[in-house]
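Spelled out from the first residue to the last, the chains are:
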Amino acid sequence: MAQQPRLIEDHIRKNKFDTLVICMLMVILLFSVIFAIGFILGAPPILTMMLALPIALFYIFITYSFSVQSVISAAGARPINSQNREEKLLGYKVEEMALAAGIPTPKVYVQDSKDINAFATGHKPEDAVICATTGALQQLNSEELEGVIGHEMSHIRNRDILVMTVTVGVVGAIALIAEIALRMLFWSGGRSGDRKGGGNIIIVVIAIIFIILAPIFSRLTYLAISRRREYLADADGAYLTRNPEGLAKALEKIKADFPDDPKGSKTVAPLYIANPFKRGLRDSIWSTHPPLDERIRRLRSM
Amino acid sequence: MDLMLIIGLVVLLIVVVILLWFFSYYNRVVRYENRIDNAWAQIDVQLKRRADLIPNLMETVKGYMNHERQTLEAVTKARSAVMTAKNPQDSIDADNMLTGALKTLFAVSESYPDLKANQNFLQLQDELTHTEEKIAYSRQHFNDSVLQFNNLIETFPGNIFANMMGKKERQMLQIPEASREVPKVSF
């Protein structure tokens, strides 16, 4: 391969900075949503502000602390069983790729599902987890599986997993809070209108619109970076395996295999190597992943 | 008087900037160099691990492959070469010999159905292949680390600092092309 190794240090530093910016954006967004709800419910702004920030920070902290377990349980993943030859060989592949990347060996999980997919999660390389579906173990050959694991290993080494995992939590929380708030407003809409003067109604409307838009906005922030990171992980993964064709073939198999909705895929979807949802949604601006055809084309041109 | 103060401050600022720059380079060079040493340690662990697996393998195949004295001897010889190698390049060369010998052994084993059905043998074969891959990947990581280190200390302005620190370019591990060939099996 003629590709020059990137200065991975610089790349990781930039990624850490991005991660910080995105986490701050998420705190601000979460804070604003809580503030808007407080405002609509008629609480004094100062009080809401004093409450909203700790709540937002606390939530991010909780998401950070429990993200790995919650992703694993959402996916219904279990640790590999070394008695099973396929799962043992997956463990071997992960060890090999970790050596190539020069990072500690992540914990290895499998998810029982017919689809071909895999994801990585964790905060830092030391506590990372790689999970593959049983479908991937059965349908991919050794070279293809290596390509997929190389891709996931690059996410871990490039420090993509933290921002991916935390955003998955926060995006979910904002969506949930917004939904609860809108339901509450729907039920108590009449009363709060009576309590307030007519002048506030415009601000209340703005706050409601904001609550409706917040989940969309939080998703878009995340999507903006997620697709670029997928291309990078493809390229870095190919550099680790020295074999772009392996991942390209695996992606072709994923494309041919019409994905069913695996367990917990809504929560875990952005973490997977390929979007687990139906084909129609795949290539829209809502995709967390770039189109498979484009990824395969780029891998083949390396 | 004021002018002197300003010049003094500017000079001080420049010195501080150069010092900070030097510190960051110094730390980088040390970090990269440690990574190379660590990468070598990883290879070494895998080489030992593979050498440790060989006696078990010999024990398992002995009963089945009595007629393959030459093949078995080649493996034993390569193993002791790995155990006695003095420097990194020797270890790698000896390990390539072992890889070749094992490839022949596994190719020959295809014609012994009893051996191929032996669970112990299958497990050893998986594990030896895995260790071989691990050696290949840690060797790759070693060479990647050396390349990064060499790039750092040979390009401007890193080369100035590297000279001051007395750091020299590191050698990559050479992998002979012959080891990639498919072994010729003769019965």
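Preceding block: the structure.
Computed from a predicted model, the values in this text were never measured in an experiment.

Trainee: Can you help me understand the overall build of chain B in this one?
Mentor: Assigned secondary structure in chain B consists of six helices and zero strands. Scanning chain B from its N terminus toward the C terminus, one meets helices and strands in the order α-α-α-α-α-α. With respect to the principal axes defined by its C-alpha atoms, chain B has extents near 95 × 25 × 25 Å. Taken over 187 residues, chain B has a buried fraction of 24%. A fraction of 77% describes how many contacts in chain B between residues 6 or more apart in sequence connect residues 24 or more apart.

Trainee: Explain the pairing of strand 3 (residues 118-121) of chain A to me, please; I cannot follow it from the model alone.
Mentor: Looking down a regular strand, the side chains alternate between one sheet face and the other. All names here are of chain A. Every second residue of strand 3 is oriented toward a common face, with A118 and A120 on one face and F119 and T121 on the other, all of them buried. The pairing of strand 3 with strand 4 (residues 129-133) spans four bridges and is classified as antiparallel. Bridge assignment links F119 to a residue of strand 4, and that residue is C131.

Trainee: How do you make sense of the interface of chain B and chain A when you look at a structure like this?
Mentor: By a widespread convention, an interface's size corresponds to the accessible area lost as its parts come together. The interface of chain B with chain A comprises 13 residues on the first partner and seven residues on the second. Those elements that place two or more of their residues in the side of chain B that touches chain A are helix 1 (2-62) and helix 5 (119-154) of chain B. Broken down by element, the side of chain B that touches chain A gets its largest block of residues, 10 residues, from helix 5 of chain B. Tallied by class, residues from the side of chain B that touches chain A come to three nonpolar, six polar and four charged.

Trainee: What am I meant to see in helix 11 (residues 292-300) of chain A here?
Mentor: Given 3.6 residues per helical turn, the α-helix brings residues three or four places apart onto the same face. Residue and element names in this part refer to chain A. Here helix 11 has its buried residues at R295, I296 and L299. All buried residues of helix 11 fall inside an arc of 95° around its axis, so they share one side. Exposed residues on helix 11 whose side chains face more than 90 degrees from its buried face are D293 and R297. Each element contacted by the buried residues of helix 11 is listed here: helix 7 (201-241) and helix 8 (244-256).

Trainee: What am I meant to see in the sheet that holds strand 4 of chain A here?
Mentor: Adjacent strands of a sheet pair through backbone hydrogen bonds, lying either parallel or antiparallel. Residues and elements named next belong to chain A. Taken in spatial order, the four strands make up an open sheet running 1-2-4-3, and their pairing is mixed. Strands at the two margins of the open sheet, each flanked by one partner only, are strand 1 (77-79) and strand 3. When strand polarity is set aside, the average angle formed by the axes of neighbouring strands in this sheet is 30°. Direction of pairing for strand 1 relative to strand 2 (residues 107-111): antiparallel, over a ladder of three bridges. Note that in strand 2 the partner of R78 across the bridge is V110. Sheet contacts for helix 3 (residues 85-101): strand 2 and strand 4; angle to strand 2, the most-contacted strand, approximately 140°. In this fold helix 5 (residues 142-157) packs onto strand 3 and strand 4, with an angle of close to 20° to the strand it touches most, strand 3.

Trainee: It is not clear to me how helix 1 of chain B should be interpreted in this structure. Could you clarify?
Mentor: Residues and elements named next belong to chain B. Over its 61 residues, helix 1 runs 90 Å from end to end, which matches the ideal 90 Å to within 8%, given 1.5 Å per residue. Buried within helix 1 we find Y32, A39, W40, I43, Q46, L47, R50, I54, L57 and V61. Turning to helix 1, the residues buried within the fold contact helix 2 (69-84), helix 3 (88-109), helix 4 (113-116) and helix 5.

Trainee: So what exactly am I meant to see when it comes to the nonpolar core here?
Mentor: Generally speaking, nonpolar side chains in soluble globular proteins are found buried as a group. Residue and element names in this part refer to chain A. If you look at the biggest cluster of nonpolar residues, it comprises 106 residues, and the most contacted ones within it are L30, V33, A118, I130, C131, V148 and I174. The leading source of residues in this core is helix 6 (residues 160-195), at 13 residues. Other than its neighbours up to four places away in sequence, L30 contacts A56, Y59, V170, A173 and I174.

Trainee: Just to check I follow, could you spell out the environment of S218 of chain A for this structure?
Mentor: Residue and element names in this part refer to chain A. Tracing the sequence through the fold places S218 in helix 7. The exposure class assigned to S218 is buried, which follows from the 23 C-beta atoms found within 10 Å. In this structure, the C-alpha to C-alpha distance between S218 and T167, residues 51 residues apart in sequence, is 8.5 Å. When near neighbours in sequence (up to four residues on either side) are disregarded, S218 contacts M26, L29, V170, V171 and I174.

Trainee: Even after reading the chapter, I still don't get the packing of helix 5 of chain A against helix 8 of chain A, so can you show me in this structure?
Mentor: Packed helices, taken two at a time, are described by the angle their axes make and the gap between the axes. Residue and element names in this part refer to chain A. Across the interface, helix 5 lies against helix 8 with an axial gap of 7 Å and an inter-helix angle of 100°. Here helix 5 lies roughly perpendicular to helix 8, going by the angle between them. Together, E143, E144, E146, G147, V148, G150 and H151 of helix 5 and G246, L247, K249, A250 and K253 of helix 8 make up the contact between the two elements. In terms of residue class, the contact of helix 5 with helix 8 is built from three nonpolar, four polar and five charged.

Trainee: Mind showing me how you'd approach the pairing of strand 4 of chain A here?
Mentor: All names here are of chain A. Most of strand 4 is tucked away: five of the five residues are buried. Going residue by residue along strand 4, you find V129, C131 and T133 tucked away on one face and I130 and A132 tucked away on the opposite face as well. In terms of strand pairing, strand 2 meets strand 4 through five bridges, oriented parallel. Each bridged residue has a counterpart across the sheet, and for V110 the counterpart in strand 4 is A132.

Trainee: Can you help me understand the packing of helix 3 of chain A against helix 5 of chain B in this one?
Mentor: Two elements in contact, helix 3 of chain A and helix 5 of chain B, have axes whose closest approach is 7 Å; the angle formed by their N-to-C orientations is 20°. As the angle between them shows, helix 3 of chain A and helix 5 of chain B are arranged roughly parallel. The way helix 3 of chain A lies across helix 5 of chain B gives a crossing that is right-handed. Residue-level contacts link Y92, E95, E96, L99 and A100 of chain A of helix 3 of chain A to H130, E133, K134, Y137, S138, Q140 and H141 of chain B of helix 5 of chain B. Looking at the contact of helix 3 of chain A with helix 5 of chain B, its residues break down into four nonpolar, four polar and four charged.

Trainee: Before we go on, may I ask you to explain unusual backbone geometry in this structure?
Mentor: If a residue is not glycine, its phi is most likely negative; likewise, a peptide bond is most likely trans. All names here are of chain A. Residue R159 is not a glycine yet carries a positive backbone phi of 60°. The residue R159 is located in the loop between helix 5 and helix 6 in this model. Overall, R159 belongs to the buried group, with 21 C-beta atoms counted inside 10 Å.

The rules we used
- Per chain, residues are indexed from 1 in the order of the written sequence.
- Working convention: letters from A go to chains and numbers from 1 go to ligands, in the order in which they are written.
- Only residues with pLDDT of at least 70 get local features here, since the model is predicted, and only at 80 or more are side-chain atom pairs given and counted; chain-wide, interface and lining totals rely on the full set of residues.
- Put simply, DSSP marks the helices as runs of H or I at least four residues long and the strands as runs of E at least two long, and each gets a number from the N terminus on.
- Think of it as a crowd count around each C-beta: if 20 or more other C-beta atoms lie within 10 Å the residue is buried, if 12 or fewer it is exposed, and in between it is partly exposed, with C-beta placed from the backbone throughout.
- We call two residues in contact when the distance between their C-beta atoms, placed using the backbone, is within 7 Å.
- One requirement defines pairing of two strands: DSSP has to find at least two bridges between them.
- For this classification, Asp, Glu, Lys and Arg are treated as charged, while Ala, Val, Leu, Ile, Met, Phe, Trp, Tyr, Cys and Pro are nonpolar and the rest, including Gly, are polar.
- Here the arc refers to the set of directions running from the helix axis out to each C-beta atom.
- Between N-to-C directions, angles span 0 to 180 degrees; the directions come from axes that are lines fitted to C-alpha atoms, helices contributing only their stretch in contact.
- Expected helix span is taken as 1.5 Å per residue step, with the number of steps being one fewer than the number of residues.
- A set of buried Ala, Val, Leu, Ile, Met, Phe, Trp, Tyr and Cys residues, joined through C-beta atoms within 7 Å, is what we mean by a nonpolar core.
- Any angle from 65 to 115 degrees is called roughly perpendicular, while one under 35 is roughly parallel, one over 145 is roughly antiparallel, and all others are oblique.
- Left-handed describes a crossing in which the near helix is turned anticlockwise from the far one by less than a right angle; the clockwise case is right-handed.

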